[in-house]
Amino acid sequence: MFFVDTLEFEGLGNRSYLVGGPRAAVAVDPPRDVDQVIAAAAKRGVRIAYVAETHVHNDYITGGLELARITGASYLVPAAAHVSFARTPVADGDTVTVDEGLVLRALATPGHTPHHTSYVLEEDGRGAAAFTGGSLLIGTVGRPDLVEPRLTEELARAQHASAHRLADELDDEVPVLPTHGFGSFCSSSQAEGDATTIGRERTANDALTLDVDTFVAEMLAGLDDVPAYYAHMGPANAAGPAPVDLTPPGRADAGEIAARLAAGEWVVDLRSRTAFAEGHVAGSFNFEGDGKLATYLAWLIPWGKPVTLLADTPERIADAQRELARVGIDRPAAAATGDPAAWIREGERLASFPRARFADLAEVRGRGEEVVVLDVRRDSERAAGHVEGAVHVPVHELYGRLDEVPSGTVWVHCAGGMRAAIAASLLDAAGRAVVAVDDGFDAAREAGLTVTCP
């Protein structure tokens, strides 16, 4: 018998796996903070004998090199990947014995990257699970446009072929266990559902139901924006990431917070958007700790800019520090917790701004008041419909395009409220009068606002 433990990383939309038998296991696509993998192995009472990478990741920093060093495991990396560290190169058809009766077989599945490799766990000679990384996902495949623009169509065609190879070589009941597809921007479209099998994908995945030309055309037409920080992930993983340091950052008092803001550093408030709107340090930005913190903070921040974290509890700081380390934001410059009133100097006041619903915006417009409506959703979202007259600047571009937002009070919205809160904090820090629309976009039409398509 074998086991598969799934480690979920909701903030990045990824999964890692620990799979093995009674004595030994292999870790597949481990996160930067490897203590979680080590703890999972200890709970099982198994030795991590192998660490396997499906590819050089573009969306997070791997912990594979460090995990192999700590545990003494063999580090399996696709032979065609260009890396600067010692590893055990694996090519199509290579096998390793994980435990008695358990063999891991490498299966070349190019498409997400040219060197992408899936791993099939075989129990007593039969395929028992497929770890498909960024190849075959739940209802979709990994995007092919993260390596080199000139290779995108070629890799898209390779994705189609790789999906068919997996389907041809594996039985219908074999579970498909991908790394991407649970919110990750490495997925060409978002996955539907939480689990799948080869048989289910055979009937539901476009890569397996459409001819190659149709599949490629539709996938390329639907590709979304690429987070800016992805440009730093691949090179860091190829070079060999340094061990992560999760020791608590130094405590910042009100004076230090003010000084860091004055120096142009980023001060990030991790509290809920409701709490932030009610009272926050002027000039700070709101990235909710419960939201997609790593994705959006890493996407927006000028790379390498020092970050000071503010939160209501030390636990929230620790969670954020761990999540940010996964995308290469390794050490917060400082942190502060507790009552926001302690984060400002004597004589200063907390800043605030109102929150509203789409119904409130409809009422304001109905009175004939002139306001700026700012839509910070992505292009693909706006294409499905937008509030008539709304200015459009995607949230990941807003920091560099604040001067394009027309004068006046800005009512900012997204699809649900989280990104609108980020945008509102950016505008507020820039001295703009802002109202954060904290509402689902479906409520816009219900409120009587005119929703049009481009």
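Anything mentioned here points back to the structure above.
Calculation criteria
- Residues numbered from 1 in each chain as written.
- Predicted model: local features only at pLDDT ≥ 70, side-chain atom pairs only at ≥ 80, totals over all residues.
- Heavy atoms only, no water.
- Buried < 20%, exposed > 50% of the residue type's maximum accessible area, 1.4 Å probe, protein only.
- Helix = DSSP H or I, 4+ residues; strand = E, 2+ residues; numbered from the N terminus.
- Pairing = 2+ DSSP bridges.
- Right-handed = clockwise from strand over helix to strand, strands pointing away.
- Core = buried A, V, L, I, M, F, W, Y, C linked by side-chain atoms within 4.5 Å.
- Contact = heavy atoms within 4.5 Å.
- Salt bridge = Lys/Arg side-chain N within 4 Å of Asp/Glu carboxyl O.

Visitor: What should I look at first to understand the pairing of strand β10 (residues 126-133) in this one?
Guide: It is a general feature of regular strands that their side chains alternate between the two faces of the sheet. Across the 8 residues that make up β10, a large majority, 6, are buried. Pairing analysis gives 5 bridges linking strand β9 (residues 117-123) to β10, with the strands arranged antiparallel. By the bridge assignment for β10, Y119 is matched with F131. Two successive antiparallel strands, β9 and β10, enclose a turn made up of 2 residues, where D124 displays a positive phi of approximately 55°. Direction of pairing for β10 relative to strand β11 (residues 175-178): parallel, over a ladder of 3 bridges. By the bridge assignment for β11, A130 is matched with V176. Since β10 and β11 lie parallel, the crossover through helix α3 (residues 152-169) that links them has a hand, and here it is right-handed.

Visitor: Please explain the nonpolar core as it appears in this structure.
Guide: In a soluble, globular protein the nonpolar side chains are often hidden away together inside. In this structure, F287, L297, L300, L374, L398, V412 and L427 are the most contacted members of the largest nonpolar core, which totals 53 residues. Of all the elements, helix α10 (residues 293-300) adds the most residues to this core, at 7 residues. Discounting residues that sit within four places of it in the chain, L374 has contacts with V391, V393, L398, V405, V410, W411, V412, H413 and L427. Ranked by size, the runner-up nonpolar core spans 22 residues in total, among them F3, F9, V51 and A73.

Visitor: Please explain the pattern of salt bridges as it appears in this structure.
Guide: If charged atoms from side chains of opposite charge come close, those side chains can pair. Following the criterion strictly, the structure yields 40 salt bridges and no others. The partner of D213 in a salt bridge is R157, and the shortest N-O contact between them spans 2.9 Å. Here the residue D213 occupies a position in helix α6 (residues 212-221), and R157 occupies one in helix α3, the gap between them amounting to 56 residues. Note that R260 is salt-bridged to E265, the shortest N-O span being 2.7 Å. With relative accessibility at 19%, the residue R260 sits in the buried group. Taken together, the shared-partner salt bridges connect D92, R105, E122, R165 and E169 into one network.

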